[in-house]
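Commentary on secondary and tertiary structure
Now for the letters of each chain:
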Amino acid sequence: MKILIVDDEVIIRTGLAKVIKWKELGLELLKPAASAEEALQRLPEERPHILMTDIRMKKMNGLQLAEKAKEMLPELETVILSGYDDFAYMRQAIRQDVSDYLLKTSGPEEIIKTVLQVKQRIEDKWKSRNEDDYKNREIRGRLFEQWIMEGEAAAADPRLLPYYLPHLFGAGEAAKGGMQVFVLTAEGWGTSPSASSLLLFAVHNMLNELLQGETLIFKQRIILALRRERRDPSPMDSLLPVVQKIERLLKCSVCVAAGRSGRRPEDLHASYLTAQYAMGYKTLLDQPLIDYAQISGRRGGRTVCTLEEEKELSAILLEEDSVGLNGWVQRYLPPELEDPQATVESIEALVRSAALSAHRWLERVLAATGQNGTAADQVQPLVLPAGHGLKDALFQHLLSVMELYHHHLAGGRAAHTRRAMAYIREHLGGDVSLQQVARHVHLHPSHLSEVFKKEAGMTFGDYVTRQKIERAKELLTVSPAKVAEVAGAVGFEDIKYFSQVFKKFTGRTPSEFREDAAARHAAPSSPIDMHIS
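Residues numbered from 1 in each chain as written. Predicted model: local features only at pLDDT ≥ 70, side-chain atom pairs only at ≥ 80, totals over all residues. Heavy atoms only, no water.

**Focus: the pairing of strand S1 (residues 2–6)**
In terms of burial, S1 is largely enclosed, as four of its five residues are buried. With two bridges joining them, S1 and strand S2 (residues 28–29) adopt parallel strand pairing. Bridge pairing in S2 places Ile3 opposite Leu29. In the sheet, S1 pairs with strand S3 (residues 50–54) via four bridges, with the strands oriented parallel. Looking across to S3, one finds that Ile5 is bridged to Met52. (Buried < 20%, exposed > 50% of the residue type's maximum accessible area, 1.4 Å probe, protein only. Helix = DSSP H or I, 4+ residues; strand = E, 2+ residues; numbered from the N terminus. Pairing = 2+ DSSP bridges.)

**Here we look at helix H23 (residues 495–506)**
Given a rise of 1.5 Å per residue, 12 residues ought to cover 16 Å, and the 16 Å separating the end C-alpha atoms of H23 matches this to within 8%. The set of residues buried in H23 consists of Phe498, Val501, Phe502 and Thr506. Buried residues of H23 fall within an arc of 115° about the axis and therefore sit on the same side. Turned more than 90 degrees from where H23 packs its buried face, Lys496 and Lys504 sit exposed. Here H23 starts with a cap whose side-chain oxygen sits 2.9 Å from the backbone nitrogen of Lys496, and that cap is Asp494. (Expected span 1.5 Å × (residues − 1). Arc of directions from axis to C-beta. Polar contact = N/O pair within 3.5 Å; in protein donor to acceptor, adjacent residues only side chain to side chain.)

**Digging into the UniProt feature "modified residue: 4-aspartylphosphate" (unreviewed entry) in the chain**
The residues that UniProt annotates with the feature "modified residue: 4-aspartylphosphate" (unreviewed entry) are Asp54. Position of Asp54 among the secondary structure elements: in strand S3. Judged by relative accessible area, which is 3%, Asp54 ranks as buried. When near neighbours in sequence (up to four residues on either side) are disregarded, Asp54 contacts Val6, Asp7, Asp8, Gly62, Leu81, Ser82 and Lys104. (UniProt positions renumbered as here; feature names shortened; annotations may be inferred. Contact = heavy atoms within 4.5 Å.)

**Re the pattern of salt bridges**
Evaluation of the coordinates by the stated rule reveals 19 salt bridges. The salt bridge involving Arg264 is made with Asp267; its shortest N-O contact spans 3.2 Å. The partner of Glu474 in a salt bridge is Arg425, and the shortest N-O contact between them spans 3.2 Å. Placement of Glu474 in helix H21 (residues 460–478) and of Arg425 in helix H18 (residues 415–426) is noted, with a sequence separation of 49 residues between them. One connected set of salt bridges, linked through shared partners, spans Glu38, Arg42 and Glu46. (Salt bridge = Lys/Arg side-chain N within 4 Å of Asp/Glu carboxyl O.)

**Structural notes on the side chain of Thr185**
Note that Thr185 resides in strand S6 (residues 178–187). A polar side-chain atom of Thr185 sits 3.3 Å from a polar atom in the side chain of Lys282. When neighbours within four sequence positions are excluded, Thr185 is seen to be in contact with Gln220, Arg221, Ser253, Val254, Cys255, Met279 and Lys282.

**Structural notes on the packing of helix H13 (residues 307–319) against H18**
The N-to-C vectors of H13 and H18 enclose an angle of 170°; their axes lie 11 Å apart at closest approach. Classified by the angle between their axes, H13 and H18 sit roughly antiparallel to one another. For the pair formed by H13 and H18, the contact residues are Ser314, Leu318 and Glu319 on the first element and Arg419, Ala422, Tyr423 and Glu426 on the second. Tallied by class, residues from the contact of H13 with H18 come to three nonpolar, one polar and three charged. (Axes fitted to C-alpha atoms, helices over the stretch in contact; angles between N-to-C directions. Parallel < 35°, antiparallel > 145°, perpendicular 65-115°, else oblique. Nonpolar A, V, L, I, M, F, W, Y, C, P; charged D, E, K, R; others polar.)

**Section: the sheet that holds strand S4 (residues 77–82)**
The strand order across the open sheet formed by five strands is S2-S1-S3-S4-S5, and the pairing between neighbours is parallel. Both outer strands of the open sheet, S2 and strand S5 (100–103), are each paired with one neighbouring strand and no more. Sheet strands touched by helix H3 (residues 62–72): S1, S3 and S4. Its angle to S3, the strand with the most contacts, is close to 155°.

**Quick notes on the nonpolar core**
Residues Ile148, Leu325, Trp328 and Ile424 are the most contacted members of the largest nonpolar core, which totals 79 residues. No other element matches the 11 residues that helix H16 (residues 344–368) contributes to this core. Setting aside chain neighbours within four positions, we find Ile424 in contact with Val432, Val437, Phe452, Phe460, Tyr463, Val464 and Gln467. Judged by nonpolar contacts, the second largest core, of 23 residues, contains Leu184, Val243, Ile246 and Cys252. (Core = buried A, V, L, I, M, F, W, Y, C linked by side-chain atoms within 4.5 Å.)

**Details of the packing of helix H19 (residues 434–441) against helix H20 (residues 445–456)**
One way to put it is that H19 packs onto H20 with a least axis distance of 9 Å and a crossing angle of 90°. Judged by the angle between their axes, H19 and H20 are roughly perpendicular. Every residue of H20 that contacts H19 at Leu434, Gln435, Val437, Ala438 and Val441 is listed here: Pro445, Leu448 and Ser449. Partitioning the contact of H19 with H20 into residue classes produces six nonpolar, two polar and no charged.

**Some details on the pairing of S4**
Most of S4 is tucked away, with six of its six residues classed as buried. Judged from the five bridges that link them, S3 and S4 form a sheet pairing that is parallel. Counterpart to Asp54 in the pairing with S4 is Leu81. In terms of handedness, the path from S3 via H3 over to S4 forms a crossover that is right-handed. (Right-handed = clockwise from strand over helix to strand, strands pointing away.)

Okay, here's the thing in structure tokens:
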């Protein structure tokens, strides 16, 4: 808070400046003025909060100065200082709303007391104004949320709408040209929350200066509602130059999503919902302006990871190949992002399908190594970003699954055996010879054979055969493939030999096993089962 002393007597103004320790009172003492005329020249720039002036000065007196100063700075508080105990002066000072009146014969204590009282009145005004502003912002924000964001028009007091949201509900007829809601985001001042919030606040202020609309900052986005008359340009056309000016002045990039246009105030909620939905396409379209009308007709793209893609992903995860994993993600998503029919929902489903493929791989390799259920509570859920970075989010999730297995679950003394088992499980239809698997786990074949038998409790060959038969049982149960095709899928070239081995392990031929499985599946529920259901 600043104070300016005005007196044409150098001794008085110098004495007041030096005798009282203004800084300790919480006041910044400006350079004292030698005349009312000098004070008036300095007021616009220095803008003091308290004016302490002599009442009798050459040319313009203190009361005249107080009157003119009040016109320039309506919030200014004035203290009159005089050497004359003249009631007429005091009466005029009171009429002019002078804060206080002091005699020059008053001691420092009296002057300090008076100035502190004036300072307290100013602070009380500031506090009251701030509280009123806060209350007004609270009421305005709540009305904005009720009417536009929550669609609870009935809950909003209609008497308050023209006062708190004048650009939407002001005097006059409702906009004949329409009403529309926009959602804006801004980037370019850094990634920290404080930098992002500061930029959003700056953009919000400029929007209010450049547009006749209603705005609200909500969850790192700006919600903007505009109305227009029939002859006005469309809201998007009028908004574009404003956004370009903001980007140029603030050195940032702004993305705008336009909701569906409506004709009535009650349509604003639907416009808001469609603008929010359109903003979800920011990653897909990678463009600064997104209109709901452009994306509302999309049917959706591919949503499921193919069998071939899953096989390739499984091999990469098993090899612990982070470079290959990144390449797989780069091949997997971009074609779908460029699909003109792709929707936010279809892309997110495709990402989740890839994550599910990785989880299935982890379950298979753990089951193959006897660790069923050990990873269920350790895999972090996939979190999709709201704004951008789907490829990065998918890569990081797949990488975490891969590292969880190789760095934690496949470790310990049995690490080589577990890695060998996982490799066998994933390559049953290919080369799972001792030499091939040994190369994968970086051991000599004879050493792997010895370690494997010790850790698994069976020979390497027996384990491979058991896994092939287990996979064959799965295929015979769920697949219509011929027995010869099943044999080939699990690495048996000779169907007769396959049938012999299968019967040795299961007691039935492959055909008999399939028939039994089909019969069990088709069998009707027992009376007890039916009663329970």
